[in-house]
Amino acid sequence: QVQLVESGGGLVQPGGSLTLSCVASGSIVRANIMGWYRQAPGKERELVGFIRSGGSTNYRDSVKGRFTISRDNVENTVYLQMNSLKPEDTAVYYCMGTYYGMSYWGGGTLVTVSS
């Protein structure tokens, strides 16, 4: 059973930076994609971005140029580096991995962007 655990959330000021980590019990090399999602208060969960097994990444327009997804295959960890954070980035962030055609989700970590 694949398990994903996020960490790194917290309070950060607007314009600040924060890096989230997602540790997978299964090898991320075997994951077709590893993605980051978020759910802001009162809103639907949305895709932030994802990284393919080959290493290429995609991001939603609102975070392009500010967020970067990377991975460490040895540590089975996927990262979400967030820069120039805005209040509208406040949300619970979730990591997701697809293995053998099935999606697995972490429990989420809260990011609050506020002065």
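The preceding data block contains the structure.
Structural notes, computed from the coordinates. What you are looking at is a predicted structure, and each value in this text was computed from that prediction instead of being measured.

Remarks on the nonpolar core
If you look at the biggest cluster of nonpolar residues, it comprises 29 residues, and the most contacted ones within it are Met34, Trp36, Leu80, Met82 and Tyr93. With sequence-adjacent residues up to four places away left out, Tyr93 is seen in contact with Glu6, Leu20, Trp36, Tyr37, Arg38, Val48, Phe67, Leu80, Met82, Gly108, Thr109 and Val111.

Thoughts on the sheet that holds strand S3 (residues 18–24)
Ordered in space as S1-S3-S8-S7, the 4 strands form an open sheet in which the pairing is antiparallel. This sheet does not close on itself; its edge strands, each paired only once, are strand S1 (4–7) and strand S7 (67–72). This sheet shows a mean twist of 20° between the axes of neighbouring strands, independent of strand direction. Across 4 bridges, S1 lies against S3 in antiparallel orientation. Bridging from a neighbouring strand, Ser7 pairs with Ser21 of S3.

Description of the environment of Pro87
Tracing the backbone through its elements, the reader meets Pro87 in the loop between strand S8 (77–82) and strand S9 (91–99). Residue Pro87 is classed as partly exposed on the basis of its relative accessible area, which comes to 45%. Along the sequence, Pro87 and Val12 sit 75 residues apart, while their C-alpha atoms lie 9.4 Å from each other. Beyond its immediate chain neighbours, meaning those up to four positions away, Pro87 contacts Pro14 and Val113.

Description of unusual backbone geometry
Here the phi dihedral of Asn76 falls at roughly 55°; this positive angle occurs in a residue that is not glycine. The topology assignment puts Asn76 in the loop between S7 and S8. One non-glycine residue, Tyr100, adopts positive backbone phi at about 50°.

Considering the side chain of Thr77
By secondary structure assignment, the location of Thr77 is in strand S8. Side-chain polar atoms of Thr77 contact the backbone oxygen of Glu75, separated by 3.0 Å.

Calculation notes
Residues numbered from 1 in each chain as written. Predicted model: local features only at pLDDT ≥ 70, side-chain atom pairs only at ≥ 80, totals over all residues. Heavy atoms only, no water. Core = buried A, V, L, I, M, F, W, Y, C linked by side-chain atoms within 4.5 Å. Buried < 20%, exposed > 50% of the residue type's maximum accessible area, 1.4 Å probe, protein only. Contact = heavy atoms within 4.5 Å. Pairing = 2+ DSSP bridges. Helix = DSSP H or I, 4+ residues; strand = E, 2+ residues; numbered from the N terminus. Axes fitted to C-alpha atoms, helices over the stretch in contact; angles between N-to-C directions. Polar contact = N/O pair within 3.5 Å; in protein donor to acceptor, adjacent residues only side chain to side chain.

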